Amino acid sequence: MNKDMHTAHFPVKNYSGWLLALIPLGLTIYFASLVPGVASGRPISASFSWVPSLNIDLSFYVDGLSLILALLICGIGTLVMIYAGGYLTGDKLLNRFYLYLLAFMGAMLGVVMADNLIGLFVFWELTSLTSYLLIGYKHNKPEARQSALQALLVTGAGGLAMLAGLVLLGDAGGTLKISELISQAVKISADPRYPLILSLILLGALTKSAQFPFHFWLPNAMAAPAPVSAYLHSATMVKAGVYLLARLDPVLGVTPAWQASLTAVGMLTMLLGAYLAWQQNDLKRILAYSTVSALGTLVMLIGLGTPAALKAAVVFLVVHSLYKGALFMAAGSVDHETGQRDVTQLGGLYRRMPVTFTAVLLATLSMIGALPLFIGYIGKKLIYEATLSAPGGVATLLTGAALLANALTIVVAGLVAYRPFGGPLRSPSKSPHEAPASMWLGPVVLAALGMLLVLVVELVPNEPLEPLIVSAAQAMYNDPVKVKLAVWSGFNLAFGLSMGTLALGAALYFLRERLARLAKPLLQVSRLGPENGYSQALNGLFRLSDLLTGFLQNGYLRYYILTTVLATTGLVSYTLVARARWDGYLPGAPLRIYELVLAGLILGGALMVIVSKSRLAAVVALGVVGYSVSLIYILFNAPDLGMTQMAIETLGVILLVLILYRLPRFSMLSGPAPRWRDAVVAIAAGAMMFILVLAIASLHTLSAVTPFYAENSLLAAKGRNVVNVILVDFRGLDTLGEIIVLAVAAIGVFALLKLRPDDRERKAK
């Protein structure tokens with residue numbers, strides 16, 4: 001019977017990915033149904049009240065830009081969900097993985113459709129949190145935990161900076177709605193806070209999209225399972241920063257500061273990512289660094305801000321998501337079926353994994369953009385057209401940088417496609433074989449789409465792809481943009497550069513080993529780069545935390561109390577000196593003799609508590625203070641409060657005597673220095689309270705609370721004793737909390753008494 005149950009159990013797990021993929025598949029179909037309307041210039045918006053007092057709504061806006069991202073998120077998410085079911089078959093935490101993945105998908109959809117700055121930030125941080133859980137999914141591995149923490153700290157710190165920038169942006173523009181901020185672009189750029197707004201928002205976007213100098217977290221995140229890398233680090237999460245820059249381009253992109261910053265950072269990241277990619281041996285790290293390069297290309301194009309550049313950015317965003325998602329999943333399949341990701345240890349897999357090899361071949365051909373049969377060719381051609389027409393005299397520089405980066409990308413394609421699959425079969429740690437259908441479906445579909453989109457563009461009349469790209473480009477440019485996707489546009493300079501890129505890339509591939517030896521010294525220098533700075537900063541933070549913890553959390557209650565009293569005294573005293581206004585007026589009659597006597601008793605009792613060497617004597621002196629305070633209540637026409645205070649003091653004295661009478665006399669007293677220190681602190685705190693009471697008593701304002709309680713005690717609470725009504729009704733939860741505190745304290749005292757040595761132990765000592 002148990003055997004049958006187990007046999008019936010495993011197929012459900014094997015098909016769980018297929019079943020859960022129906023959720024993103026349904027969303028993909030829904031968003032696809034919106035394409036005709038959005039592509040024809042009819043964006044969709046919806047708003048729900050969230051925090052009306054702060055003008056924060058859950059507002060959503062779907063235009064061409066957000067719709068393209070939503071289709072990529074849900075479409076690739078469908079394939080990744082199926083892929084994850086096969087890749088993680090038998091994993092004990094598979095259900096948890098599905099939950100994390102769906103939560104991340106929802107957060108990403110919120111980011112790309114949010115029309116409120118604060119709502120966008122909430123979804124933005126949810127992507128950081130869920131990506132942390134996904135990257136650290138294999139939490140039993142130290143590298144997974146460290147990589148997840150690094151990604152969270154880098155993107156989280158940038159997110160906090162971005163929050164400040166978004167708040168300032170909303171204040172400068174007079175609204176938190178992104179669709180309304182576009183009309184305030186000139187006003188925002190003229191605001192004196194614009195440089196600060198720009199810096200803070202760029203910090204958030206550039207950390208998320210792994211731009212230099214924050215690029216290091218993305219390759220390290222490859223400790224995550226292959227489905228995470230395929231989804232987060234190629235098609236979705238890292239595109240969130242790019243999306244934010246694209247969405248805010250019409251708001252902040254009207255100044256040279258925005259354009260120069262993005263163009264420079266994007267170009268540097270593009271070159272650095274391509275340079276580091278071809279020097280790796282791990283399949284996933286090769287793809288990760290090439291992703292960094294592609295993200296830099298997108299940021300550079302957004303920084304240029306011309307219609308040609310924005311058109312190229314939209315097309316390349318789609319192209320990169322398709323081929324990189326396919327390659328990451330294929331790399332995971334190779335690792336899953338061979339137990340190896342080092343390209344130097346792999347070879348000849350096309351014989352054992354023909355379907356995966358076909359998908360990799362199609363995806364890499366789209367990546368290098370060498371053949372007109374792939375949408376990647378159109379994307380690369382548009383990039384060259386954008387750089388060649390760049391304003392400001394930087395066309396030659398940007399075109400040369402793009403040419404070099406694309407040539408190095410061809411080297412990456414050779415490492416990914418030929419080294420593992422070409423040549424003689426190498427024996428990895430286990431016998432390789434083709435991955436199951438759930439794992440090769442995603443790479444095949446995404447790689448095939450790179451060809452099918454070209455056929456759609458060339459053969460299908462009135463196809464919706466071009467109008468959708470037009471809508472996305474216009475969302476960034478905020479003006480009409482013409483888009484014509486054509487595979488062949490004649491023998492022009494862009495075509496020549498594409499062919500030159502192919503030739504240069506092939507030459508670099510065959511010379512890579514010699515170039516690697518020449519570049520080896522530079523790799524030593526790179527160890528002193530941003531990642532080392534991150535490690536030093538994190539270690540410094542740990543050391544600072546240890547110092548503060550050792551100083552503040554030292555285990556001695558007396559120091560905790562001393563710190564609390566000092567901090568309170570200092571802060572309140574500063575406020576009194578800086579802001580309090582006391583005109584010397586004190587209400588009330590002159591002091592009477594019995595009031596002075598009671599004050600003397602209170603002071604005498606307090607001094608007795610301090611100097612007494614006997615616990616019982618200290619308790620009696622403390623009782624004198626309490627009874628004297630009770631008499632003050634009675635003298636000032638509060639007999640019920642006075643009687644309550646007397647009852648509490650009597651009970652407190654009796655309980656303390658019963659508890660303390662068996663304890664010995666003090667065996668060790670504080671030295672002179674601690675006593676003088678404590679005396680100074682106590683006198684300062686007492687003086688602060690005395691001055692605070694005088695300042696409050698000098699105020700001429702009438703309390704609004706007193707009449708309220710007096711008027712409503714009988715009507716609302718059916719009680720004539722105002723004090724009792726306040727304690728029982730108006731402050732019922734507060735009183736309940738005080739009772740709980742006393743109960744917890746009583747439990748603690750009881751536990752301490754149970755821990756005292758019994759008589760036999762004392763006699764033995």
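Chains are numbered independently. Their residues run from 1 in the order of the written sequence. The model is predicted, so local features are restricted to residues of pLDDT at least 70 and side-chain atom pairs to those at 80 or more, both for listing and for counting; the totals for chains, interfaces and linings are taken over all residues. Water and hydrogen atoms play no part in the side-chain values, which are based on all heavy atoms of the structure.

Caption draft 1: Representation of the overall build of the chain in the model. Segments assigned H or I by DSSP are reported as helices when at least four residues long, segments assigned E as strands when at least two residues long, and all are numbered from the N terminus. When its secondary structure is counted, the chain shows 34 helices and two strands. Relative to the globule expectation of 27 Å for 765 residues, the C-alpha radius of gyration of the chain, 35 Å, shows a markedly less compact shape. Taking the principal axes of the C-alpha coordinates as reference, the chain spans close to 110 × 70 × 60 Å. Sorting the 765 residues of the chain into buried and exposed places 45% on the buried side. Every residue pair with non-hydrogen atoms within 4.5 Å of one another is taken to be in contact. By sequence separation, contacts in the chain at least 24 residues apart represent 77% of the contacts at least 6 residues apart. Of the side-chain charges in the chain, 53 are positive and 36 negative, and the distance between the mean point of each set is 9 Å. All radius of gyration figures rest on C-alpha atoms, and the globule criterion is 2.2 Å times the number of residues raised to 0.38. For every residue, the accessible area obtained with a 1.4 Å probe (protein chains only) is divided by the maximum for its type, and the residue is called buried under 20%, exposed over 50%, and partly exposed between those limits. Residues scored as positive are Lys and Arg, those scored as negative are Asp and Glu, and His as well as the terminal groups of each chain are ignored. By convention, charge coordinates are those of NZ in Lys, CZ in Arg, CG in Asp, or CD in Glu.

Caption draft 2: Fine view of helix H29 (residues 639-660). The span expected for a helix works out to 1.5 Å for each residue beyond the first. In a regular helix each residue adds 1.5 Å, so 22 residues correspond to 32 Å; H29 covers 31 Å between its end C-alpha atoms and thus fits that length. Along H29, the residues that are buried comprise Gly642, Gln645, Glu649 and Leu660. Take H29 and look down its axis: the buried residues cluster within an arc of 60°, on one side only. Across H29 from its buried face, at more than 90 degrees, point the exposed residues Met643, Ile648, Leu651 and Leu658. Its buried side turned inward, H29 meets helix H28 (615-635). Of all possible arcs, the one meant is that of the directions from the helix axis to the C-beta atoms.

Caption draft 3: Inspection of the side chain of Thr28 at higher detail. In this structure, Thr28 sits in helix H3 (residues 22-33). Sequence-distant contacts of Thr28, that is, excluding residues within four places in its chain, are made with Leu71, Cys74, Gly75 and Thr78.

Caption draft 4: Just the pattern of salt bridges, in detail. Put simply, a salt bridge is a Lys or Arg side-chain nitrogen that is within 4 Å of an Asp or Glu carboxyl oxygen. Within this structure, the stated rule accounts for nine salt bridges. In this structure, the salt-bridge partner of Arg341 is Asp335, at a minimum N-O distance of 3.5 Å. Of the residues examined, Asp335 reaches a relative accessible area of 18% and is grouped as buried. For Arg677, the salt bridge is made with Asp678, and the minimal N-O distance between the two is 3.1 Å.

Caption draft 5: View of unusual backbone geometry. Backbone torsion omega between Phe212 and Pro213 reads 5°, so that peptide bond is classified as cis. Take Pro213: it is sitting in the loop between helix H11 (194-208) and helix H12 (217-220). For Ala210, which is not glycine, the phi dihedral falls at a positive 55°. Position of Ala210 among the secondary structure elements: in the loop between H11 and H12.

Caption draft 6: Expanded view of the nonpolar core. Side-chain atoms within 4.5 Å are what join buried Ala, Val, Leu, Ile, Met, Phe, Trp, Tyr and Cys residues into a set we call a nonpolar core. Judged by nonpolar contacts, the single largest core of 187 residues is most densely connected at Leu169, Trp217 and Leu252. For this core, the leading source of residues is helix H17 (residues 307-338), giving 19 residues. If we ignore the near neighbours within four places in the chain, the residues touching Trp217 are Gln150, Ala151, Val154, Thr155, Thr207, Lys208, Ala210, His233, Met237 and Val238.

Caption draft 7: Spotlight on a nonpolar patch on the surface. Taken together, Leu591, Ile593, Tyr594, Leu596, Val597, Leu601, Val620, Val624, Leu635 and Phe636 make up a surface patch of nonpolar side chains, about 950 Å² in accessible area. Listed by contribution, the elements that provide at least two residues to the nonpolar patch are helix H27 (593-611) and H28. Counting residues per element, the nonpolar patch draws most heavily on H27, which supplies five residues. Structurally, Val620 is set in helix H28. To count toward a patch, a residue needs a relative accessible area above 30% and no salt bridge. Like charges then connect within 9 Å, nonpolar side chains (Val, Leu, Ile, Met, Phe, Trp, Tyr) within 5 Å. Methods summary: accessible areas were calculated by the Shrake-Rupley approach with a probe of 1.4 Å, and residue burial reflects only the protein chains presented.

Caption draft 8: Seen up close, the packing of aromatic side chains. Planes of paired rings set the category: under 30 degrees apart is stacked, over 60 is edge-to-face and the rest tilted, where pairs are Phe, Tyr or Trp rings (Trp by its six-membered ring) whose centres lie within 6.5 Å. In the structure shown here, the tally under the stated rule is 12 aromatic pairs. Ring centres of Phe216 and Tyr534 lie 5.6 Å apart, and the angle between their planes is 40°; on these two criteria the pair is classed as tilted. Here Phe216, found in the loop between H11 and H12, pairs with Tyr534, found in helix H25 (residues 530-552); they are 318 residues apart in sequence, far enough to count as distant. Each member of the pair, Phe216 as well as Tyr534, is classed as buried. One aromatic cluster in this structure is built from Tyr350, Phe357 and Phe421. In this scheme, Lys NZ or Arg CZ marks a charge over a ring once it lies within 6 Å of the ring centre and within 35 degrees of the ring normal. Residue placement shows Arg512 over the ring face of Tyr509; its charged tip is 4.1 Å from the ring centre.

Caption draft 9: Main features of the packing of helix H19 (residues 375-388) against helix H23 (residues 493-510). Helix axes use the C-alpha atoms of the stretch in contact, all axes being lines fitted to C-alpha atoms, and the angles between their N-to-C directions lie in the range 0 to 180 degrees. Contact geometry for H19 and H23: axes closest at 9 Å, N-to-C directions at 120°. Considering the angle they form, H19 stands oblique to H23. As H19 runs across H23, the sense of the crossing is right-handed. For the pair H19 and H23, contact is made by Tyr377, Lys380, Lys381, Tyr384, Glu385 and Leu388 and by Leu493, Ala494, Phe495, Leu497, Ser498 and Thr501, respectively. Polarity classes work like this: nonpolar for Ala, Val, Leu, Ile, Met, Phe, Trp, Tyr, Cys and Pro, charged for Asp, Glu, Lys and Arg, and polar for all others, with Gly in that last group. Among the residues making up the contact of H19 with H23, the classes are represented as seven nonpolar, two polar and three charged. Our angle categories are set so that under 35 degrees counts as roughly parallel, over 145 as roughly antiparallel, 65 to 115 as roughly perpendicular, and the remainder as oblique. Helix crossings fall into two classes, left-handed where the near helix is turned counterclockwise from the far one by less than a right angle and right-handed where it is turned clockwise.

Caption draft 10: Main features of the packing of helix H14 (residues 237-252) against H17. Two elements in contact, H14 and H17, have axes whose closest approach is 13 Å; the angle formed by their N-to-C orientations is 160°. Looking at the two axes, H14 sits roughly antiparallel to H17. Every pair of crossing elements has a handedness; the one defined by H14 and H17 is left-handed. Contacts from Lys239, Val242 and Asp249 in H14 reach Leu310, Leu317, His320 and Ser321 in H17. Among the residues making up the contact of H14 with H17, the classes are represented as three nonpolar, two polar and two charged.

Caption draft 11: Structural context of the pairing of strand S1 (residues 44-51). Of the pairings in the sheet, the one linking S1 to strand S2 (residues 56-62) comprises seven bridges and is antiparallel in character. Residue pairing in the sheet places Ser49 in a bridge with Asp57 of S2. Whether two strands pair comes down to DSSP finding at least two bridges between them. If you look at the hairpin formed by S1 and S2, you'll find four residues sitting between the two strands, and Asn55 has a positive phi there, around 60°.

Caption draft 12: View of the environment of Ile44. As for its placement among the helices and strands, Ile44 is situated in strand S1. Contact partners of Ile44, with chain neighbours within four places excluded, come to Leu34, Val38, Phe60, Tyr61 and Val62.

Caption draft 13: Spatial organisation of the confidence of the model for the chain. Per-residue confidence from the prediction method is given by pLDDT, with values spanning 0 to 100. Across the chain, the average pLDDT comes to 86, with 93% of residues at 70 or higher. Looking across the chain, the model is least confident in helix H1 (residues 2-14), with a mean pLDDT of 44, and most confident in H3, with 95. Throughout residues 1-12 the model reports pLDDT below 50, and contacts reaching past four residues in sequence, or to other chains, amount to zero contacts.

Caption draft 14: Inspection of the environment of Arg615 at higher detail. Checked against the element boundaries, Arg615 lands in helix H28. When its relative accessible area of 25% is taken as the criterion, Arg615 is described as partly exposed. Separated by 46 residues in sequence, Arg615 and Tyr661 have C-alpha atoms that sit 7.8 Å apart.

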